[in-house]
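Listed here are the chains, written in short residue letters.
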Amino acid sequence: MSTTVVIVLIVVLAVVALRVLRPKRSSASINLPGPGTYEFDIVGEASYQDALSDICGGKKESSAELYVDAELYLEDENPHDSKAVCVSVEGKTVGYLSRKDARNFRKQVKEFEDQDPIFFCKAVIVGGWKKSKRDQGNFGVRLDLPVN
């Protein structure tokens, strides 16, 4: 085979691989402006402390208060809960809506479910202090969602 044919085959295979391996893109991006109170708690942050620490630049002597943009995904394929709603910051999972909150959230956004939506809202990461080996706290996340 000539070098040109080999290069063309490599390019074609790379394009096919990118189409197959590319993450599923959402057809709907929906912003959820909140009231600015950041009162909506999520669950499961204890399992994502490494991701939260990376986002915040590690634990520091004083508690974090980092305002970020959060993404909420409907996770129908979640093996633990087919109605799960994942919360992500900077492409990293940081927790989930509680079962009750996930079901309420899904009822409110039902009209968008067939569009494979990604929902965006403001969030604040708090905690994550480390004053000593015995005096340190986990990171937590609160969302600024419109609450009904």
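Because the structure is predicted, anything quoted here is derived from the model rather than measured. (Residues numbered from 1 in each chain as written. Predicted model: local features only at pLDDT ≥ 70, side-chain atom pairs only at ≥ 80, totals over all residues. Heavy atoms only, no water.)

J.: Before we go on, may I ask you to explain the nonpolar core in this structure?
T.: Here is a general trend for soluble globular proteins: nonpolar side chains tend to be buried in one another's company. By size, the foremost hydrophobic cluster in this structure holds 29 residues, and its most contacted members are L72, L97, F105 and L143. When contributions to this core are tallied by element, the ones reaching two or more residues are β1 (28–31), α2 (49–56), β3 (64–75), β4 (84–89), α3 (99–108), β6 (117–127) and β7 (139–144). Ranked by the residues each element gives to this core, the list is headed by β3, at 5 residues. Discounting residues that sit within four places of it in the chain, L143 has contacts with Y38, E39, F40, I42, A70, L72, V87, L97, C121, K122 and A123. (Core = buried A, V, L, I, M, F, W, Y, C linked by side-chain atoms within 4.5 Å. Buried < 20%, exposed > 50% of the residue type's maximum accessible area, 1.4 Å probe, protein only. Helix = DSSP H or I, 4+ residues; strand = E, 2+ residues; numbered from the N terminus. Contact = heavy atoms within 4.5 Å.)

J.: Where do I start with the environment of V43 in this structure?
T.: With respect to the element layout, V43 can be found in the loop between β2 (40–41) and α2. Considered as a pair, V43 and C86 are 43 residues apart in the sequence and their alpha carbons are 9.9 Å apart.

J.: What should I look at first to understand the packing of aromatic side chains in this one?
T.: Within a pair of aromatic rings, the relevant descriptors are the distance that separates the centres and the angle that separates the planes. Tallied over the entire structure, the rule returns 4 aromatic pairs. Plain terms: the ring middles of Y38 and Y67 are 5.2 Å apart, the flat faces sit at 75° to each other, and that makes the pair edge-to-face. Placement of the pair is Y38 in the loop between β1 and β2 and Y67 in strand β3, with a sequence separation of 29 residues. Relative accessible area serves as the criterion here: at 47%, Y67 is assigned to the partly exposed category. The rings of F105, F112 and F119 are connected pair by pair, giving a single aromatic cluster. (Phe/Tyr/Trp six-rings, centres within 6.5 Å; stacked < 30°, edge-to-face > 60°.)

J.: Would you take a moment to explain α2 for this structure?
T.: One turn of an α-helix holds 3.6 residues; hence residues three or four places apart share an orientation. Every buried residue belonging to α2 is among Q49, A51, L52, I55 and C56, and all of these are buried. The buried residues of α2 occupy an angular sector of 160° when the element is viewed end-on, so they sit on one face. Along α2, exposed side chains directed more than 90 degrees from the buried face belong to D50 and D54. On its buried face, α2 sits against β3, β4, β5 (92–96), β6 and β7. Two residues or fewer past α2, G57 is found with a positive phi of approximately 80°. (Arc of directions from axis to C-beta.)

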